[in-house]
Amino acid sequence: MPLGTYQNGSVGLGGCTCKSVKIEASNMPLKTLFLNPPSFENFDGGAGSRWPATREIESYWYPVWLAYPTGMLEGARLLDAPPHHITAEETIRTCKDYELLVLFTSTPGFPGDVRIAEAIKDSNPHIKIAFVGPHVSVLPEKSLMEAKVIDVACRKEFDYSIVEYAQGKPIEDILGISYRKNGHVVHNPDRPTIENLDALPHVTDVYRRDLDVRRYNVPFLLHPFVSLYTTRGCPAQCTFCLWPQTLSGHPWRKRSTHDVAREMAKAKDYWPYVKEFFFDDDTFNLQKARTIELCAKLKPLGLTWSCTSRVTTDFETLKAMKEAGCRLLIVGYESGDQQILKNIKKGATIERARQFTKDCHKLGLVVHGDFILGLPGETRETIKNTIKFAKELDVETIQVSVAHAFPGTELHESAIKNGFMTSDTKMVDDGGHQMVQIEYPGLPATEILEAVHHFYDEYYFRPKAAYRILRKAVFDNSERKRLYKEARTFLKLRAQRHKWVKENRKEEAPAPEPAKA
């Protein structure tokens, strides 16, 4: 392979059409390891998850962001520790063979990520360490000053920044990075967002070489599955959403439908046993014309696929998706209260959500609904309304999260300004489980957390919902095993959450009045 180029070996619908991208380089790049580090048990976070915390049920998403630059650097490797159950000790030993470590961190995982980076540096003193991801994008100076082990922090889209660093470009000329110099932190100018996504390598080539796709599991997706992006960015202004505000940006950029179809044809050939492909874009079907055009190219491939969706998607678009092999949509309903939707700038209405869901049911599209408790304006009454709304929608599966105010988001700024952050603002406990970070007058943190398992109980312990689960278990042996494992994990976490609520309610209870004489 010529110096300063990479090949993604794209397979076209009619044969092999390799493409290469030129990157300026003066010498061989540093031998680079891209790492999604070991973390909490069942921790669904870091390199690809849109909600970095331990899930109620074990979930492992693909490290898509790390896969892009891995495919751009000759000799680089992608190590995704959590789903492959690679220990910290094994990771440290592996890093002895590398000159540059690129670690994807998150706010809840940052302290642990720093500790493992320090152990890696102790074992291999000459290794350079770069941190990437939302946390260091928003807090580069704080991160570098707190963790001297970090040599470079790459802000926002880090694909080309880290490639240039590995290839030896003068550090002061690399856009989008922060680093220490003479005891101070230097912030180079921001790097413009990447417009030509087709110039990036295909992540599936990296997956095939470095990952075991059977290790990835998400409860509502068929197993095994493979996920990737067809777009980057999201123009929506949701105040709580981490990715557009910190990493991918609001400008919506799309790969050509031809490039996506070529990668999907190749992926089908790579993994004939994969049951489903998932398009994990911030919003896959944002643009109707592009979605319908892509569906026309996916349909001949005969794939089963799923994706993210907003409730603003119309019936015609949903119909085209269904006919092209779409099985399931992940939909952020968030709340059943219209005022809360306005407060978080969701850009959708309760009535539109109802119609969208009816359209999905009519077409036979499965829906996984996401809800959040503790958003601005939340009260005991709005929580009841959201649970009622969810049962009315009656989607296949749900996820209920507590609102987290990630640094760099509008929600974080608002919660601090209004004094709604709890005194202990930890996002997760020692096991990585979500903790309530925001509370409101008349709605303490304990009630919000307790409402999460009330939500799950009321939703799933209905005859209709229970029947859906039992039907899967009866007719699909592989699903039966997975459902049994997931049920045990869910009940264990539910018990832990209940224990935390009980203990904290004791602390909140007012001291008894002294006995009268």
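In case you missed it, the structure is sitting above this.
Let me sum up the structure you'll find in this document. Predicted, not measured: the structure shown is a model, and the values here were computed from it. (Residues numbered from 1 in each chain as written. Predicted model: local features only at pLDDT ≥ 70, side-chain atom pairs only at ≥ 80, totals over all residues. Heavy atoms only, no water.)

Section: the pattern of salt bridges
No. 1: Scanning the entire structure with this criterion turns up 26 salt bridges.
No. 2: Asp159 is the partner of Arg232 in a salt bridge, and the nearest nitrogen-oxygen pair spans 2.9 Å. You can see Arg232 sitting in strand β15 (residues 231-232) and its partner Asp159 sitting in helix α7 (residues 159-166), a full 73 residues away along the chain. The same class applies to Arg232 as to Asp159, namely buried.
No. 3: For the salt bridge of Lys319 with Glu323, the shortest nitrogen-to-oxygen distance reads 2.7 Å. (Salt bridge = Lys/Arg side-chain N within 4 Å of Asp/Glu carboxyl O. Helix = DSSP H or I, 4+ residues; strand = E, 2+ residues; numbered from the N terminus. Buried < 20%, exposed > 50% of the residue type's maximum accessible area, 1.4 Å probe, protein only.)

Some details on unusual backbone geometry
No. 1: Each neighbour pair has its own omega, and for His223 with Pro224 the value is 0°, a cis peptide bond.
No. 2: Mapped onto the elements of the fold, Pro224 is located in the loop between α8 (203-210) and β14 (225-228).
No. 3: For Asp394, which is not glycine, the phi torsion reads 55° and is therefore positive.
No. 4: Along the chain, Asp394 falls in the loop between α15 (380-393) and β21 (397-402).
No. 5: Overall, the relative accessible area of 10% leaves Asp394 in the buried class.

Considerations on the environment of Pro300
No. 1: Its location among the elements puts Pro300 in the loop between α11 (288-298) and β18 (305-309).
No. 2: Owing to a relative accessible area of 67%, Pro300 belongs among the exposed residues under this scheme.
No. 3: C-alpha separation for the pair Pro300 and Ala261, spaced 39 residues apart in sequence, amounts to 9.8 Å.

Considerations on the packing of α11 against helix α12 (residues 315-323)
No. 1: Where α11 contacts α12, the axes come no closer than 9 Å and their chain directions differ by 20°. Judged by the inter-axis angle, α11 sits roughly parallel to α12. The hand of the α11/α12 crossing is left-handed. Together, Lys288, Thr291, Ile292 and Cys295 of α11 and Glu316, Thr317, Ala320 and Met321 of α12 make up the contact between the two elements.
No. 2: Across the contact of α11 with α12, the residue classes break down as four nonpolar, two polar and two charged. (Axes fitted to C-alpha atoms, helices over the stretch in contact; angles between N-to-C directions. Parallel < 35°, antiparallel > 145°, perpendicular 65-115°, else oblique. Left-handed = near helix turned anticlockwise from the far one by under 90°. Contact = heavy atoms within 4.5 Å. Nonpolar A, V, L, I, M, F, W, Y, C, P; charged D, E, K, R; others polar.)

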